[in-house]
Amino acid sequence: MAEHRSSAVFFCFEANLSPFSVAFAKKILSLPDNKNTNKMKGTILVTGGTGFIGSHTVVELQSVGYKVVIVDNLSNSKKEVVDGIEKISGIRPDFEEVDCTDFAKLEAVFAKYGNIDGIIHFAASKAVGESVQKPLLYYRNNIVSLINLLELMPKYGTKGIIFSSSCTVYGQPDPENLPVTEAAPIKKAESPYGNTKQVNEEIIQDYVHSGANVRAILLRYFNPIGSHPTSIIGEMPNGVPQNLIPYLTQTAIGIREQLSVFGDDYDTPDGSCIRDYIYVVDLAKAHVCAMARILENKQNEPVEIFNVGTGKGVSVLELINTFEKVTGVKLNYKIVGRRAGDIEKVWADPKKANEVLGWKAETSLEDTLASAWKWQLKLREEGIQ
C-alpha cells in the first residue's frame, strides 16, 4: 500500500517537536494526500473509534483514503479525540455517540450512512482485572455489541468485519507453543475478558459458516502501547487506568503514588509476567492491511485469523527498566501479589501476518515507550493530567 505524505504538514509539526519526535514522526507517520481525499476507497464504521487503538486506526484509515464513521459511547474515552484525529489527518471523521448494545440506535447509524462497506469492531470493556470483578458487565458489553453488528451487516450490505481479538484466547500456552502461532490450542480463558474474546470469535465463525454473506478477519493482538508521534492522540482512559502503560506514565509524572507489579514469582527469568508489547501505530496499520484484504476479495477463507505482535517477549520489570533508561525518570514501583486472571507469559509468532497479510511491526520498544512518555508530558503541559 502506498503511503501518502504531506511535507507541508510535517513542516508544521517540526516547529513544535523535539529532534526525537521529528525523526520518529518522519519514520512512521502516514498522512493523507489532499489531492486524493475525494477518491474515497469506501466507508468504514469504527466502533470504539475514540478509544486508544480505535483513534490511531481511524488516522491510518483516513491516510489511505477511507471515509470513517466512528461509533462510541464515550464510556472510556472523550469526544475531543475526534478533534485530535482531524488535527493529524486534516479530515474530520463522522462521529455518532451510540452504545453498540443498543440495537435500535445502532441500526439508525447504518440507515443514516447507508453504504458502510466494512466494520472494525473495537468497542468493548477490556481490563482483565476488572472483568474478574464485574463479569456480567463484560459479557453484556462485549458479546451483545458484536451480535448487534452481525445482525445488521447483511441487511445493509456491509461486506466484512475486522474483530479486535486478543492473545488471551490462547490462555497460558504450553512451553512448546511459545512463541504462539495461530494454530496453538485455544485454552480455557483465565478471565471473563478473555472468555468474551473466545466466545466472540466462535460467534463470528458460526455466523459466517451458517451461510451469512459476511467475511471476517480476527486480529489477535498482544499488548498495544505508546502514542501517536505527534502526541496529539494517545492512551487516556477515564479515571484510574486499568492498563500498565498509562498507570506507569502517570506514576512517573506524579499523578499516581506508586506502580504495583503483580508478582515476581512466575516461571520467567526475573519472575515477572512476560508480554509482547506492540506499538499502537504499527497495530493500527495492521487493520488497514486487513480491511484492504477483505474489500479487495483477497481472503483465502471467509474467516481468517492473524496474530499481530512483534515476536519479542518482554517482562514487566524489563519494560520498567527500559522506560527508565529511555526517559531518565526513576519509577516508584513495588512488587505485590499475583493478580487474578493474569497469564504468566505469552508472545507472538507473527510470521503469518508478515507473509500473508503483508504487515510487520517496525517500531522499537525504546521508541514506543518514548512516545508514551511524550504523550504524558503533553497532557501535563496542557493541564489535562
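Q: So what exactly am I meant to see when it comes to the sheet that holds strand S1 (residues 43-47) here?
A: Sheet strands associate in pairs through backbone hydrogen bonding, adopting either a parallel or an antiparallel arrangement. Spatially, the seven strands line up as an open sheet ordered S3-S2-S1-S4-S5-S6-S11, and their pairing is parallel. For this open sheet the edge positions go to strand S3 (94-97) and strand S11 (303-308), each flanked by a neighbour on one side alone. Direction aside, the axes of adjacent strands within the sheet are offset by 20° on average. Strand direction decides the pairing type here: S1 and strand S4 (residues 116-121), joined by five bridges, are parallel. Its bridge partner lying in S4, threonine 47 is registered against histidine 121.

Q: Is there a simple way to think about the side chain of threonine 57 in this case?
A: By the element assignment, threonine 57 lies in helix H3 (residues 52-63). Among the residues examined, threonine 57 registers a relative accessible area of 0% and is labelled buried. Beyond its immediate chain neighbours, meaning those up to four positions away, threonine 57 contacts Ile120, Phe122, Ala284 and His287.

Q: It is not clear to me how the side chain of serine 125 should be interpreted in this structure. Could you clarify?
A: Positionally, serine 125 belongs in the loop between S4 and helix H6 (128-133). Overall, serine 125 belongs to the buried group, its relative accessible area being 14%. A distance of 3.0 Å separates the side chain of serine 125 from the side chain of asparagine 141, its partner in a polar contact. Residues within four places of serine 125 in sequence aside, it is in contact with Leu137, Tyr138, Asn141, Asn142 and Tyr193.

Q: Teacher, can you tell me more about the pairing of strand S5 (residues 160-166) here?
A: Remark: a regular strand shows side chains that alternate across the two faces of the sheet. Counting buried positions over the seven residues of S5 gives seven, a clear majority of the element. The alternating pattern of S5 places Gly160, Ile162, Ser164 and Ser166 and Ile161, Phe163 and Ser165 on opposite faces, both of which are buried. Two elements, S4 and S5, share four bridges in a ladder whose sense is parallel. By the bridge assignment for S5, isoleucine 120 is matched with isoleucine 162. Pairing geometry for S5 and strand S6 (residues 215-221), over seven bridges, is parallel. For glycine 160, the partnering residue across the bridge sits in S6 and is arginine 215. Traced from S5 through helix H8 (residues 192-209) to S6, the parallel crossover comes out right-handed.

Q: Looking at this structure, I do not really get the pairing of S6. What am I missing?
A: Taking burial as the measure, the seven residues of S6 include six buried ones, the bulk of the element. Pairing between S6 and S11: six bridges, direction parallel. Each bridged residue has a counterpart across the sheet, and for tyrosine 221 the counterpart in S11 is valine 308.

Q: Which parts of the structure should I look at to understand helix H11 (residues 316-327)?
A: Along an α-helix, residues three or four apart share an orientation, since each turn contains 3.6 residues. Helix length check: H11, at 12 residues, gives a terminal C-alpha distance of 17 Å against a target of 16 Å (1.5 Å per residue), a fit within 8%. When we look at burial in H11, the residues that qualify are Val316, Leu317, Leu319, Ile320, Thr322, Phe323, Glu324 and Thr327.

Q: What should I look at first to understand the nonpolar core in this one?
A: One finds Leu61, Leu219, Val308 and Trp359 to be the most contacted residues of the largest nonpolar core, which totals 41 residues. Looking at which element gives the most residues to this core, the answer is helix H10 (residues 280-295), with 10 residues. Sequence-distant contacts of valine 308, that is, excluding residues within four places in its chain, are made with Leu219, Arg220, Tyr221, Phe222, Ile278, Leu283, Ala286 and Trp359. Formed by 26 residues, the second largest nonpolar core is a distinct cluster that contains Val98, Leu106, Ile161 and Ile305.

Q: Looking at this structure, how should I read the packing of aromatic side chains?
A: Note on aromatic pairs: each is described by the distance of the centres and the angle between the planes. In this structure the tally under the stated criterion is two aromatic pairs. Taking the centre distance of 5.6 Å and the plane angle of 45° together, the rings of phenylalanine 110 and tyrosine 156 count as tilted. In this pair, phenylalanine 110 sits in helix H5 (residues 103-113) while tyrosine 156 sits in the loop between helix H7 (135-155) and S5, placing the two residues 46 residues apart along the sequence. Judged by relative accessible area, which is 0%, phenylalanine 110 ranks as buried.

Q: I keep staring at the pattern of salt bridges and nothing clicks. Help me out?
A: Pairing is possible between side chains that carry opposite charge, provided their charged atoms lie close to one another. The full count for this structure, using the stated rule, is 16 salt bridges. A salt bridge links aspartate 94 to lysine 67, with the nearest nitrogen and oxygen atoms 2.4 Å apart. In this pair, aspartate 94 sits in strand S3 while lysine 67 sits in strand S2 (residues 67-72), placing the two residues 27 residues apart along the sequence. When the shortest N-O distance is used, the salt bridge between aspartate 267 and lysine 345 registers 4.0 Å. Here the residue aspartate 267 occupies a position in the loop between strand S8 (259-262) and strand S9 (274-275), and lysine 345 occupies one in the loop between strand S13 (333-336) and helix H12 (351-357), the gap between them amounting to 78 residues. By relative accessible area, aspartate 267 is classed as exposed at 56%. Judged by relative accessible area, lysine 345 falls into the buried class, the value being 18%. Taken together, the salt bridges that share partners define one network made up of Asp83, Glu86 and Arg92.

Criteria and thresholds
Residues numbered from 1 in each chain as written. Predicted model: local features only at pLDDT ≥ 70, side-chain atom pairs only at ≥ 80, totals over all residues. Heavy atoms only, no water. Pairing = 2+ DSSP bridges. Helix = DSSP H or I, 4+ residues; strand = E, 2+ residues; numbered from the N terminus. Axes fitted to C-alpha atoms, helices over the stretch in contact; angles between N-to-C directions. Buried < 20%, exposed > 50% of the residue type's maximum accessible area, 1.4 Å probe, protein only. Contact = heavy atoms within 4.5 Å. Polar contact = N/O pair within 3.5 Å; in protein donor to acceptor, adjacent residues only side chain to side chain. Right-handed = clockwise from strand over helix to strand, strands pointing away. Expected span 1.5 Å × (residues − 1). Core = buried A, V, L, I, M, F, W, Y, C linked by side-chain atoms within 4.5 Å. Phe/Tyr/Trp six-rings, centres within 6.5 Å; stacked < 30°, edge-to-face > 60°. Salt bridge = Lys/Arg side-chain N within 4 Å of Asp/Glu carboxyl O.

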